[in-house]
Amino acid sequence: MFEVLIDQFWSLTIAGVALGFIYVLVSLGYTMVYGVLRMINFANSEIFMWGTFGTIVTSRDIFGYSQTSAPATGPKLALVLFSQLLMSMAVAGLTAVFVEFVAYRRLRAKGTNRLATLISAIGISIVLSELMRLLTDSRPVGSPRVLEKIILTEVWGANIRLDTVVTIFAAAAIYFLLERFVKLSRMGKAIRAVSMNEDAAKLMGVNLNRVITTTFLVGGLATGAAGFFYITVFEYTKFNIGFTMGMAAFTAAVLGGIGNIRGAFYGGLFLGLLEVYASAVLGTQWKAVTVFIVLVLVLLFKPNGLFGEAVQTTRA
Amino acid sequence: MKIRNYWNLRDFGANIWEKATRTQRVAIALTSILLVGLLPFMGGSILATPIASFDAVLVYPVGMFVLMSLGLNIVVGKSGMLDLGYVAFFAIGAYTMAILGTTTKMNTWEIMPIGIALAMIAGVLLGIPTLRLRGDYLAIVTLGFGEIVRLVVLNSSWSKGPNGIANIPMPPKIGPLKFELENQKVFFWVVMAMILVTIWMIRRLTVRRPGRAWEAIRQDEDAAELMGVPTLKYKIWSFTLGAAVGGAAGVLYASKNLYIAPEMFTLNVSILILACVVFGGIGNIWGVVIGATILGYLPDRIRFISDARLLVFGIVLVVVMNFRPDGLLPRKKREKKIIERDDNLLKLENVTMKFGGVTALNGVNLEVKRGEILALIGPNGAGKTTVFNVITGVYKQTSGTVTFDGTSLGNQKRYEVTALGVARTFQNIRLWGDMTALENVITATDVHKKSGLVGALFGFPRASIEEEVNRERAHEILRFIGIDQYSDRLAKNLPYGVQRRLEIARALGTSPKLVLLDEPAAGFNPAEKVELAATIRKVRDAGYTVLLIEHDMSLIMGISDRVVVLDFGTKIADDIPSVVQKDPRVIEAYLGVPADAS
């Protein structure tokens with residue numbers, strides 16, 4: 001039962017870390033919005049899905065790559081990858097801002113119940129995924145291979161592939177940039193102020209609407225970046241791909257302590273590793289069950305998350 | 001200017017219902033049930049669904065959605081717990097039906113209770129550990145639970161994994177009603193019956209202890225617990241009842257669909273059902289029914305835009321939630337309307353009473369204010385007792401109006417006047433002599449009793465409870481008047497003074513608003529009169545309004561707030577006692593014209 005895990009421990013670990021960083025970025029989309037609004041950004045999974053399409057559209061339609069064309073090299077490779085990343089982030093960021101405007105803003109201004117907001121967010125995520133389904137004819141969309149999946153080296157019997165390495169380092173870099181932003185920038189401080197005490201923040205001259213829009217934007221950018229890495233590693237997307245990713249990333253956010261940025265980091269990595277190890281031991285089909293059981297147990301016994309500091313204990 | 005809010009359907013419906021009498025309510029309910037029952041025959045009308053057959057759409061999604069939404073509403077709407085894994089119970093019911101239906105000889109109706117029981121057990125098992133969590137955390141755990149159930153079913157061999165289970169038997173026919181795939185009317189009626197049972201259950205529970213406990217938990221769980229509500233127990237109950245409804249829906253669904261597979265039980269179903277609840281008006285049964293009907297029906301109705309129908313569905317959700325965040329029919333506990341009360345409890349306007357050629361009352365105007373003691377005096381034959389008889393419905397006035405507490409009197413039977421809140425004593429004592437004092441009072445309290453002869457005969461719970469309550473109340477009244485020690489004596493054997501006071505006690509037994517006392521002090525010695533005065537004040541202070549006929553001036557002047565004087569059927573004075581006492585017309589009426597006057 002454990003042979004696979006023992007045999008391939010290191011390659012599993014590397015795959016888990018790469019997957020974990022993708023989770024980290026998507027769960028930022030949940031955790032940041034939750035920190036500010038104390039609400040689940042239900043549409044984040046679809047924001048991610050739109051990001052993945054942004055990535056593919058860039059390489060396929062702007063740079064003219066197809067499934068059969070040769071991967072890029074040299075400066076061209078850097079240009080294409082960078083454009084893909086930017087496009088994915090832009091698409092997702094704008095989608096997130098759109099979601100905030102359409103689904104959250106009016107209800108928040110009215111100060112009405114949280115359930116209405118939740119359903120409104122559910123509505124907008126149905127709109128987003130259905131729109132993409134119609135645009136793509138319900139078909140999966142493959143991505144042209146831009147980055148050759150070269151095996152760079154072998155460490156302890158594990159193949160280190162280029163795309164994995166790029167994902168791990170670039171995603172980590174983006175995560176730390178965002179963390180710096182929230183920690184040091186003026187807007188970042190405003191975001192944290194609002195998440196700690198909305199009223200006090202308002203009284204100190206923080207423009208609440210701008211903070212919330214920015215929060216959605218930043219969360220969207222992170223989620224969009226994740227979309228790019230996801231495509232780079234898995235090279236495929238579909239209109240309903242958001243659901244599984246959303247569930248996992250959300251779980252990661254909760255594991256780390258939702259509302260807490262550092263928590264998303266730990267939670268994402270933990271979940272990524274847990275998933276690959278669990279599939280090696282129990283088989284891929286039980287992967288999701290393991291994740292949920294861990295989630296339920298964590299919530300029952302450490303409801304503030306495994307790594308998080310206490311957020312609020314009661315949320316009506 | 002008052003703008004009528006045509007969107008306020010809730011109050012519109014509730015108003016009709018509130019104004020309706022019991023018979024009208026039964027009629028409304030039966031007509032509605034009949035009309036809904038006839039819905040499957042409307043397939044040819046504008047309601048028709050383009051692709052799926054109309055009666056099939058009515059069963060699933062519409063009927064099933066309504067049923068499940070009502071079940072989820074117990075959890076989310078009544079006790080405020082956000083459950084995102086409701087589909088799990090639906091799946092448990094469906095798989096119970098599928099597995100038992102294909103491997104045993106049991107039929108749908110035999111499997112139904114098993115499916116419900118298993119769903120409830122799952123509800124308890126999930127509820128005990130998780131219901132300590134609140135809000136979003138609970139939402140996530142339930143969501144996880146829903147997914148776990150689906151994934152287990154998807155990956156297990158007993159459930160035939162992703163292939164699902166086929167050849168599930170249909171329900172056997174009920175009498176002449178046969179279940180058919182092509183014609184699903186009977187399925188619809190079964191779903192309808194299940195919906196009605198669920199609504200009945202929710203309505204019963206809502207107005208009783210569980211409903212109050214849930215409402216308290218929803219509004220402030222900590223306060224509820226500190227006020228002695230066992231919150232975890234009631235939360236588990238709520239969860240389990242919701243699960244039972246979901247399980248029942250699942251059993252019927254499997255038996256209708258003949259085939260089930262894990263892909264039918266995704267998170268999307270939970271979300272859709274939750275959307276139905278919130279869309280229609282969370283916590284409001286009728287809102288939920290309407291919401292589920294619309295959201296179930298809409299995608300099938302707009303199939304002509306075929307592919308975009310879910311897109312439209314999403315847009316509808318966003319728009320409705322933004323503009324009606326509490327749903328189409330929002331929950332709101334309707335406060336009983338505070339009736340603008342007239343200061344005057346009783347009002348006689350221009351009342352004339354003629355007996356043949358004799359005019360007993362001639363255009364009398366009289367007002368009795370709430371909470372006062374009003375004395376009605378006058379020489380013999382002035383018409384005082386006639387006033388009492390007109391008010392209590394013994395006589396019907398020849399002309400003029402009598403208004404009591406907003407109701408016009410004159411056409412009621414005598415006991416109906418009493419039920420409205422008028423009670424009297426008699427100048428010549430008219431107790432039921434061969435009954436005990438207590439029985440005299442209990443008989444009076446019976447005027448507001450709902451149960452009748454059959455209930456008494458068979459000891460229906462309501463009859464027994466009312467009997468108990470009235471007996472206790474009668475004792476209380478006797479204590480209040482100060483004659484409880486005589487309660488088991490026959491009325492005819494009581495001393496005169498006690499009999500007079502028992503008359504007052506009996507009048508109070510009818511829970512009146514206005515007590516008419518006809519010469520209560522007749523035959524009393526001065527000491528008894530003092531005691532009586534104290535009793536009458538006590539009655540007034542307890543909130544009753546007293547209209548008193550009396551001859552004893554010292555008693556009247558001592559306790560009355562106002563005095564009205566009648567002479568030959570005409571009112572000649574109406575003022576506070578000290579003024580009336582000095583009124584020359586009054587003195588004239590009683591004593592004749594003074595010698596030195598003219």
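Quick caveat: nothing in here was measured; it's all calculated off a predicted structure. Along each chain, the written sequence defines residue order, and numbers are assigned to residues from 1. Working convention: letters from A go to chains and numbers from 1 go to ligands, in the order in which they are written. Only residues with pLDDT of at least 70 are given local features in this predicted model, and only at 80 or more are side-chain atom pairs given and counted; all residues enter the totals for whole chains, interfaces and linings. As a rule here, side-chain values come from all non-hydrogen atoms in the structure, and water together with hydrogens is ignored.

Draft legend 1. Structural detail: helix α4 (residues 87-103) of chain B. An ideal rise of 1.5 Å per residue puts 24 Å on 17 residues; α4(B) measures up with 24 Å between its terminal C-alpha atoms. When accessible area is computed with a 1.4 Å probe and restricted to protein chains, residues below 20% of their type maximum are described as buried, those above 50% as exposed, and intermediate ones as partly exposed. By the criteria applied, helices consist of DSSP H or I runs no shorter than four residues and strands consist of E runs no shorter than two, each listed in order from the N terminus. Most of α4(B) is tucked away, with 14 of its 17 residues classed as buried. In a helix, the anticipated span is given by 1.5 Å times the number of residues less one.

Draft legend 2. Geometry of the interface of chain B and chain A. Residues are treated as being in contact if the distance between any of their heavy atoms lies within 4.5 Å. Counting from both sides, the interface comprises 39 residues of chain B and, opposite them, 46 residues of chain A. Pairs of N or O atoms within 3.5 Å make up the polar contacts considered here, provided that, within protein, one atom can donate a hydrogen while the other can accept it, and that residues adjacent in sequence are counted only when both atoms are side-chain atoms. Linking chain B with chain A are two residue pairs in polar contact (both at pLDDT 80 or more). Contributions of two or more residues to the side of chain B that touches chain A are made by α5 (108-130), α6 (135-155), α11 (267-280) and α13 (309-323) of chain B. The element that contributes the greatest number of residues to the side of chain B that touches chain A is α6(B), accounting for 12 residues. Following the grouping adopted for this structure description, the nonpolar residues are Ala, Val, Leu, Ile, Met, Phe, Trp, Tyr, Cys and Pro, the charged ones are Asp, Glu, Lys and Arg, and the polar ones are all others, Gly among them. Residue composition of the side of chain B that touches chain A, grouped by class: 27 nonpolar, seven polar and five charged.

Draft legend 3. Representation of the pairing of strand β10 (residues 570-575) of chain B within the structure. Residues and elements named next belong to chain B. Here the rule is simple: two strands pair whenever DSSP picks up at least two bridges between them. Sheet topology places strand β9 (residues 562-567) next to β10; five bridges connect them, and they run antiparallel. Within β10, the position partnered with Val564 by the bridge is Asp574. The antiparallel pairing of β9 with β10 creates a hairpin that spans two residues between the two strands, and Phe568 there sits at a positive phi of about 50°.

Draft legend 4. Fine view of helix α11 (residues 261-282) of chain A. Residues and elements named next belong to chain A. Across its 22 residues, α11 extends 31 Å between first and last C-alpha, which sits within 8% of the 32 Å expected from 1.5 Å per residue. In terms of burial, α11 is largely enclosed, as 17 of its 22 residues are buried. One side-chain oxygen at the N-terminal end of α11 lies 3.1 Å from the backbone nitrogen of Arg262; it belongs to Asn260. Two residues or fewer past α11, Gly283 is found with a positive phi of approximately 100°.

Draft legend 5. Representation of unusual backbone geometry within the structure. Residue and element names in this part refer to chain B. Cis geometry is adopted by the peptide bond preceding Pro61, which originates at Tyr60 and carries an omega value of 10°. With respect to the helices, strands and loops of the structure, Pro61 is situated in helix α3 (residues 54-78). Even without glycine at this site, Asn350 takes up a positive phi of about 50°. Take Asn350: it is sitting in strand β1 (residues 344-355).

Draft legend 6. Structural view of the domain arrangement of chain B. All names here are of chain B. Domain segmentation is taken from an automatic or database assignment of domains. Partitioning chain B into structural domains gives domain 1 (53-268), domain 2 (345-421 + 512-598) and domain 3 (431-511). With centres defined by C-alpha atoms, the gap from domain 2 to domain 3 works out at 27 Å. Contact with domain 2, which involves 21 residues of that partner, is made by 14 residues of domain 3. Overall, the association of domain 2 and domain 3 removes approximately 1,400 Å² of surface from exposure, summing both partners, and the carbon and sulfur fraction of that is 68%. The term salt bridge refers to a pairing of a side-chain nitrogen on Lys or Arg with a carboxyl oxygen on Asp or Glu at a separation within 4 Å. Across the domain 2-domain 3 interface, the total number found is one salt bridge. Between Glu531 and Arg501 there is a salt bridge whose closest N-O contact spans 2.7 Å. In this structure, the connection of domain 2 to domain 3 is made through five residue pairs in polar contact (both at pLDDT 80 or more). Once two parts are joined, some of their accessible surface, as seen by a 1.4 Å probe, is lost; buried area is that loss totalled over both.

Draft legend 7. Expanded view of the confidence of the model for chain A. The pLDDT averaged across chain A works out to 85; a share of 96% of its residues lies at or above 70. The low-confidence segment residues 310-316 of chain A (pLDDT under 50) makes 16 contacts with residues lying over four places distant or belonging to another chain. pLDDT is a per-residue confidence score from the predictor, ranging from 0 to 100.

Draft legend 8. Fine view of the sheet that holds β10(B). Residues and elements named next belong to chain B. The sheet built from six strands is open, its strands ordered β6-β7-β8-β3-β9-β10 with mixed pairing. Two strands in the sheet have a free side with no partner beyond their single neighbour: β6 (422-424) and β10. Sheet twist, expressed as the mean angle between neighbouring strand axes with direction ignored, is 20°. One ladder, built from four bridges, connects strand β3 (residues 373-377) with β9; its direction is parallel. Paired with Ile377 across the two strands is Val565, which belongs to β9. Only C-alpha atoms enter the line fits that serve as axes; for helices the fit covers just the stretch in contact. Angles between N-to-C directions range over 0 to 180 degrees. Set on the sheet, helix α20 (residues 526-541) makes contact with β3, β7 (514-518) and β8 (545-549); between it and β8 the angle comes to about 150°.

Draft legend 9. Broad picture of the side chain of Asn470(B). All names here are of chain B. Note on placement: Asn470 falls in helix α18 (residues 461-481). Its relative accessible area of 11% is what places Asn470 among the buried residues. Contact partners of Asn470, with chain neighbours within four places excluded, come to Ile442, Thr445, Asp446 and Lys449.

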